[in-house]
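A structural walkthrough
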Amino acid sequence: MININNKDWDELKSLDIRKFLERNGEENFFFEFKGDNEEPSKLVKEICAFANTYGGYILLGIDDDKSISGCKRWTEQRIHATIHDSITPPPIFSVRSFNLSRKKIYIIKIEEGTNPPYVTNKGQIFERLGSGSFPIKDSYRLAQLDEKRHNLVERVKSKIELPLLRITNSFPQNICGYIDFGFSLTCSDLKILNEDHKNLKKAAELIRSRCGNNFTISRVGNSFQISLWETLITSSDGSQSLAAAGVNTFLEIMFDGSVRGRIILVNDSNRVNVNLFPIANALTTFEEIYSTLICNNIERIFVSAHKYQRLTVLRQFVPYYDTSNIGADDYGYKTYLQDHKRMYGGNMIVTSGRIPYCDYSLIDQRTFDQYEVKYNKENLLQILFSNAYFNIGYIDPPNGIDRLLVTES
């Protein structure tokens, strides 16, 4: 997309806006002027059209004749709320304010959408033609947008989905399955991962306090990989060797804040039960590591995320909570499995699953309205790292399971 006055977005000054208006500033394929009295529905129409085409700019507070009327009714908060409430999926956009002739104007930069079609809350789909925005009625054009979205799904899949483990004769017999998870972020800023060594040291201290010294933090290309617990497998004759690729509990954080990870489900000595405490421990640890390593203002630049969770069952198993290392059992874990059996019968896990069954869950600011929680960094990370399989097998969660800080693996 073209720049205003040949300046990068973050470097724009009020003088650049004035020069643009004086020299060649006209409404065209990439630029739209709107006054302060513009109705939200008309603003939504233009933003939807830009997102469905090649992106563009809306200068809010500039009339059609390029006179500077300024903004009083429109605020940055109102702009954000209007866009998030009126377009599905949410487009990638940025808002900046400038002072011209002692009047405040806003410029909305809309990126070309990667997940079209972008639809208004009235069910309309617009595109940019010339200097105007028009509804799309042609089936071929809609098919083009759908193909563009299909390409996005394929890109997300190759980015965050891990390949299934290959089962061979040497595959560890105590592994009953594994949980894969991941999310691909869309943000208004591509720089999400904070590579400050101080933050890496904090992450290492956090893992050490939870899991002891048996962990690794490695840089692989533009990502950080954090693995927990054993990377060696022991054969029947007692010899040890490195586990095959992917046979580990690990988290990979990419430079843009996207994540993929895996949690291995290991049975205990009776070869039937799988302790669930390590799952909760890993998910809690991964979320806090992520919070340590990413930028502090992720909630301000977050647009949306595509997320998935997958359970792969290799051998049938019974999930339970090992309470041998717990003193006071305030949450009733010691009788949890027995209570479940009394009420619902057995607790055997027999097959795999995926959430959603196909495609990906879309998370945006409307998700927080759905869950009736405040939109902030803490709740954003909780939703991104929430996992439907962490309490696998049980119908009724024990009291306080979401507050339990697991320190034993």
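This write-up is about the structure you can find in this document. (Residues numbered from 1 in each chain as written. Predicted model: local features only at pLDDT ≥ 70, side-chain atom pairs only at ≥ 80, totals over all residues. Heavy atoms only, no water.)

Quick look at the side chain of Glu252
- On the secondary structure map, Glu252 appears in strand 14 (residues 249-253).
- Judged by relative accessible area, Glu252 falls into the buried class, the value being 8%.
- Within the structure, the side chain of Glu252 is placed 2.7 Å from the side chain of Arg260, a separation counted as a polar contact.
- Residue contacts for Glu252: discarding those within four places in its chain leaves Ser223, Phe224, Gln225, Ser258, Val259 and Arg260. (Helix = DSSP H or I, 4+ residues; strand = E, 2+ residues; numbered from the N terminus. Buried < 20%, exposed > 50% of the residue type's maximum accessible area, 1.4 Å probe, protein only. Polar contact = N/O pair within 3.5 Å; in protein donor to acceptor, adjacent residues only side chain to side chain. Contact = heavy atoms within 4.5 Å.)

Notes on the nonpolar core
- In this structure, Leu185, Leu228, Ile253, Phe286, Ile289, Tyr290 and Leu384 are the most contacted members of the largest nonpolar core, which totals 60 residues.
- By residue number, the principal contributor to this core is helix 6 (residues 277-293), which donates 8 residues.
- Look past the residues within four positions of Leu185 in its chain and what remains in contact with it is Asp256, Gly257, Ser258, Tyr290, Ile298, Phe302, Ser304, Ala305 and Leu384.
- Among the nonpolar cores identified, the runner-up in size contains 21 residues, and Phe50, Ile79, Tyr106 and Ile110 belong to it. (Core = buried A, V, L, I, M, F, W, Y, C linked by side-chain atoms within 4.5 Å.)

So, a negative patch on the surface
- Residues Asp8, Asp10, Glu11 and Asp189 make up a contiguous surface patch of negative charge.
- Turning to its location among the elements, Asp189 is positioned in the loop between strand 9 (175-187) and helix 5 (197-211).
- Taking relative accessible area as the criterion, Asp189 reaches 37% and is therefore assigned partly exposed. (Patch = residues over 30% accessible without salt bridge, like charges linked within 9 Å, V, L, I, M, F, W, Y side chains within 5 Å. Areas by Shrake-Rupley, 256 points an atom, 1.4 Å probe, with all protein chains shown as cover. Salt bridge = Lys/Arg side-chain N within 4 Å of Asp/Glu carboxyl O. Lys, Arg positive; Asp, Glu negative; His and termini not counted. Charge placed at Lys NZ, Arg CZ, Asp CG, Glu CD.)

Re a nonpolar patch on the surface
- On the surface, Val272, Met348 and Val350 cluster together into a nonpolar patch covering about 240 Å² of accessible area.
- Position of Val272 among the secondary structure elements: in the loop between strand 15 (259-266) and strand 16 (273-275).

Focus: the pattern of salt bridges
- For the structure shown, the criterion picks out 19 salt bridges.
- In this structure, Glu26 and Lys66 form a salt bridge, with 3.4 Å as the shortest nitrogen-oxygen distance. Taken together, the positions of Glu26 in the loop between helix 1 (14-23) and strand 1 (31-34) and Lys66 in the loop between strand 2 (56-60) and helix 3 (76-86) put the pair 40 residues apart, joining distant regions of the chain.
- Residue Glu26 is classed as partly exposed on the basis of its relative accessible area, which comes to 47%.
- By relative accessible area, which is 22% here, Lys66 ends up partly exposed.
- Each of Glu32, Lys34, Glu38, Glu46 and Arg128 takes part in salt bridges that share partners, so that together they form one network.

Focus on the sheet that holds strand 1
- Spatially, 1-2-5-4 is the arrangement adopted by the 4 strands of the open sheet, whose pairing is mixed. Whereas interior strands pair on both sides, the edge strands pair on one side only; in this sheet they are strand 1 and strand 4 (93-100). Mean inter-strand twist for the sheet, computed between neighbouring axes without regard to direction, equals 20 degrees.
- Bridge analysis of strand 1 against strand 2 gives 4 bridges, and the strand direction is parallel. Across the sheet, the residue bridging to Phe31 is Tyr57, located in strand 2.
- In this fold helix 3 packs onto strand 2, strand 4 and strand 5 (103-110), with an angle of close to 155 degrees to the strand it touches most, strand 4. (Pairing = 2+ DSSP bridges. Axes fitted to C-alpha atoms, helices over the stretch in contact; angles between N-to-C directions.)

Quick look at the side chain of Lys307
- Mapping Lys307 onto the fold places it in strand 17 (residues 302-313).
- Of the side chains with opposite charge, Glu287 lies nearest to the buried Lys307, which makes no salt bridge, at 9.3 Å.
- Among the polar contacts made by the side chain of Lys307, one reaches the main-chain carbonyl oxygen of Ile383 at a distance of 2.7 Å.
- Setting aside its immediate chain neighbours within four residues, Lys307 contacts Gly182, Phe183, Ile355, Pro356, Tyr360, Ser361, Ile363, Ile383, Leu384, Phe385 and Ser386.

Some thoughts on the packing of aromatic side chains
- Going through the model one piece at a time under the given rule, you end up with 15 aromatic pairs.
- Ring geometry for Phe29 versus Tyr54: centroids 6.1 Å apart, planes at 45 degrees, classification tilted. Of this pair, Phe29 sits in the loop between helix 1 and strand 1 while Tyr54 is found in the loop between helix 2 (40-52) and strand 2, placing the two residues 25 residues apart along the sequence.
- For Phe29, a relative accessible area of 24% corresponds to the partly exposed category.
- An aromatic cluster is present here, built from Trp9, Phe20, Phe31 and Tyr57 joined pairwise through their rings.
- If you follow Arg78 out to its NZ or CZ, it ends over the ring of Trp74, 3.8 Å from the centre.
- Above the ring of Trp9, the side-chain terminus of Arg96 is found at 5.9 Å from the ring centroid. (Phe/Tyr/Trp six-rings, centres within 6.5 Å; stacked < 30°, edge-to-face > 60°. Lys NZ or Arg CZ within 6 Å of the ring centre and 35° of its normal.)

A short note on the pairing of strand 14
- Most of strand 14 is tucked away, with 5 of its 5 residues classed as buried.
- Here strand 14 shows no split at all, with Thr249, Leu251 and Ile253 on one side and Phe250 and Glu252 on the other all buried.
- Alignment of strand 11 (residues 223-228) against strand 14, held across 5 bridges, turns out to be antiparallel. Each bridged residue has a counterpart across the sheet, and for Phe224 the counterpart in strand 14 is Ile253.
- As paired elements, strand 14 and strand 15 share 4 bridges and run antiparallel to each other.

Overview of unusual backbone geometry
- With an omega dihedral of 0 degrees, the bond running from Pro116 to Pro117 counts as a cis peptide bond.
- Positionally, Pro117 belongs in the loop between strand 5 and strand 6 (119-120).
- Cis geometry marks the peptide bond from Ile355 to Pro356; its omega dihedral reads -10 degrees.
- Note on placement: Pro356 falls in the loop between strand 19 (353-355) and strand 20 (361-363).
- Even without being glycine, Arg102 reaches a positive phi, approximately 65 degrees.

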